[in-house]
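Architecture and fold: a report
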Amino acid sequence: MEKVSENRFIYAIKFIACIFIVTTHARFDGPLWNIVFAIDHCCVPFFLAVSGRFLLYNRGMGNVTDIVEIRKRTGKSLIRLLKITGEVYLVYLIFSFCFHMSKGYTVLEWLQMKYNLHEASVFFVFNSGRFIYDGSYVYDHLWYLFVMIYVYILIYIFAPVLRKWYKGLVVILLGLLFIGEWFQIYYPIRPFGINISTWYVLRNWLFVGIPFVLIGILFNDYVYKRGDISNMKGPAIIMTVVGIISSYVELLIFGGDTYIYFGSVITAVGLLFLSECSSYKGWVLYTLGKRASSNIYFYHVLIIAILDIAAQNGLISWSVMTYKPLLVMFICFVLFCIKPIVDYRKRYQ
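Description of the structure in this document.

About the criteria used
- Residues numbered from 1 in each chain as written.
- Predicted model: local features only at pLDDT ≥ 70, side-chain atom pairs only at ≥ 80, totals over all residues.
- Heavy atoms only, no water.
- Salt bridge = Lys/Arg side-chain N within 4 Å of Asp/Glu carboxyl O.
- Helix = DSSP H or I, 4+ residues; strand = E, 2+ residues; numbered from the N terminus.
- Buried < 20%, exposed > 50% of the residue type's maximum accessible area, 1.4 Å probe, protein only.
- Core = buried A, V, L, I, M, F, W, Y, C linked by side-chain atoms within 4.5 Å.
- Contact = heavy atoms within 4.5 Å.
- Axes fitted to C-alpha atoms, helices over the stretch in contact; angles between N-to-C directions.
- Parallel < 35°, antiparallel > 145°, perpendicular 65-115°, else oblique.
- Left-handed = near helix turned anticlockwise from the far one by under 90°.
- Nonpolar A, V, L, I, M, F, W, Y, C, P; charged D, E, K, R; others polar.
- Polar contact = N/O pair within 3.5 Å; in protein donor to acceptor, adjacent residues only side chain to side chain.
- Phe/Tyr/Trp six-rings, centres within 6.5 Å; stacked < 30°, edge-to-face > 60°.
- Lys NZ or Arg CZ within 6 Å of the ring centre and 35° of its normal.

All told, the structure shown has five salt bridges when counted by the stated rule. Of the charged contacts in the structure, one is a salt bridge between E276 and R53, with a shortest N-O distance of 3.0 Å. Taken as a pair, E276 in helix α11 (residues 262-277) and R53 in helix α3 (residues 43-55) lie far apart in primary sequence, 223 residues in all. The salt bridge partner of K114 is D134, with a shortest N-O separation of 2.8 Å. Residue K114 is located in helix α5 (residues 107-114), and its partner D134 is located in the loop between α6 (117-126) and α7 (143-157); the two are separated by 20 residues in the primary sequence. Summarising the burial analysis for this pair, K114 and D134 share the class buried.

Here is the structure:
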C-alpha cells in the first residue's frame, strides 16, 4: 500500500470527480445525465473530506494532537488557500469586469451590481452571491474555496475542543442538513425571509463544509488507531457502490434540487476507505489528478462562459455546442494537462 502522503489513488479519483463536475455544468442530454448528476453530488463532499484527511496527518509521527501544532498546520494550509483563492478570484473578477464593460456598464454600475449590502450578506453568511458569480458566468463554484477558508479559520479558533466536539458536530450538522432538505422538498419555509429552497441556504460552510472536513479528520484518526485497514477493501467497494445507487434513487425520488443526498455521504466515506485500501500503479490518472484536477475545477466554468459568449456572437456554430461537454474537457485537457507537461520539458531540456 502506498504512503498516504502520495496516495496515487486519491489523485486519480480527484481527476475523475472533476470530469463529473464538468459534465454537470456543461450538460449531456439524455438518460445518462441522471447517473452523472447523481455521482456528481458526492464529488465536492469527497474533496472536503480529503482535505480533512490530510490536514492533521503528520507523516511518520502519527496524528497532530497538540493545540499549537494543530494551529500551525491549519494556519499554513489557510495561508496557502488564501493565495490560491486570491489568484482564482482575480481571474474571474477581471473576466466579469471586461464582460460587463462590453455590455455598456459603467465601472460604478458594475461595482454596485456585485458589491452591495445584500450581496455581502449572501456571501459572508452563505458563501455565494454576486461576490463570486454574476451574469458573465453563471455557476458559483468558487463557493468551495471560501467554504474551506471558513472551515480552516474555525478549526484554528476551536483547536482546543476539536476532538471533543468533532463527532457530535458531524452528526448534528448532517442531521440539520437532511432536515433542511426535507423542508426544501415538502415544506419550503422562509427563514429570515429567504426561501429555504434557495440552493445556498444549505449548501455552505456550516451544513456541508464543516461536517465533511470533520469526517476527513475523523477518518484520519480512525486509520491511525486501527493501523492497517487493507482488509476493508471489499466493504469499501460495497459502500461506494451502494452510495452511488442510493444517490441515483434519491435523485429519481426527490429531484435534482437537493445538493447532498444520503448516498453522497456513503459514497464519500466509501471512497475514503477505498483510497486507503487500494493502490493505483498507473501514471496517467495520477498525473492528471495531481497536476490538473484543481485547475480544471477552478477554471472550467470560465471556459464554459467563453464558449457560450463565442456561440452567442456567431464565432462558434451552435451545432458544435451540442458537444460542449467534450469541448470543455478537451480545452481543459490541453490547458491544464498537456501544456504544463510541455512547458516542464522545455524548461529542463
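This part takes up the nonpolar core. Buried together is how nonpolar side chains tend to be arranged in soluble globular proteins. Ranked by internal contacts, the top residues of the largest apolar core, which has 94 residues, are L48 and I217. Looking at this core, the element that brings in the most residues is helix α12 (residues 284-312), giving 14 residues. For L48, the residues in contact, after removing those within four places along its chain, are Y144, V147, M148, V208, G209, F212 and V213.

Here H41 shows up in the loop between α2 (32-40) and α3. H41 sits in the buried class, given a relative accessible area of 3%. Non-local contacts of H41, meaning those with residues more than four positions away in its chain, are made with G256, T258, Y259, I260, Y261 and S264.

This next bit is on the packing of helix α1 (residues 8-25) against α12. Geometrically, a packed helix pair is captured by the angle between its two axes and the distance between the axes. For the pair α1 and α12, the least separation of the axes is 7 Å and the interaxial angle reads 20°. Relative to α12, the element α1 is oriented roughly parallel. Handedness of the α1/α12 crossing: left-handed. Listed contacts from α12 to R8, Y11, A12, K14, F15, I16, C18, I21, V22 and H25 of α1 are L285, Y286, L288, G289, K290, S293, I296, Y297, H300, V301 and I304. Across the contact of α1 with α12, the residue classes break down as 14 nonpolar, four polar and three charged.

Mapping Y280 onto the fold places it in the loop between α11 and α12. For Y280, a relative accessible area of 21% translates into the label partly exposed. Remark: the alpha-carbon pair of Y280 and I179, spanning 101 residues in sequence, is separated by 38 Å.

By secondary structure assignment, the location of R73 is in helix α4 (residues 67-102). From its side chain, R73 meets the backbone oxygen of L55 in a polar contact 3.3 Å long. Excluding residues within four positions of it along the chain, R73 makes contact with F54, L55, L56, Y57, N58 and V64.

The next thing to look at is the environment of I210. With respect to the helices and strands, I210 occurs in helix α9 (residues 205-226). In this structure, the C-alpha to C-alpha distance between I210 and V50, residues 160 residues apart in sequence, is 13 Å. Each residue touching I210, except ones within four places of it in the same chain, is listed here: V151, L154, L173 and W205.

This part covers unusual backbone geometry. With a phi angle near 60°, N127 is a residue other than glycine that sits in the positive phi range. One can find N127 in the loop between α6 and α7.

Contact geometry of α4 with α7 gives a least axis separation of 9 Å together with a crossing angle of 160°. In terms of axis orientation, α4 runs roughly antiparallel to α7. Crossing handedness for the pair α4 and α7: left-handed. Facing α4, whose interface residues are I70, R71, T74, G75, S77, L78, L81, L82, T85, V88 and Y89, α7 presents L145, F146, M148, I149, Y152, I153, I155, Y156 and I157.

We now examine the packing of aromatic side chains. By the definition in use, this model includes 30 aromatic pairs. Between W182 and F183, the aromatic rings sit 5.3 Å apart at their centres with planes inclined by 80°, giving edge-to-face as the arrangement. These aromatic residues form a ring-pair network of at least three members: F46, F47, Y92, Y137, Y144, Y297, F298, Y299 and F336. One residue, R8, lies across the ring of Y286, its end atom 4.0 Å from the ring centre.

To continue, consider α6. Every buried residue of α6 is listed here: E119, A120, V122, F123 and F126. Tucked inside the fold, the buried residues of α6 contact α5 and α7. In this structure N116 caps α6, since a side-chain oxygen of it lies 3.1 Å from the backbone nitrogen of H118. Just past α6, the residue N127 takes up positive phi, approximately 60°.

These figures capture arrangement, not role.
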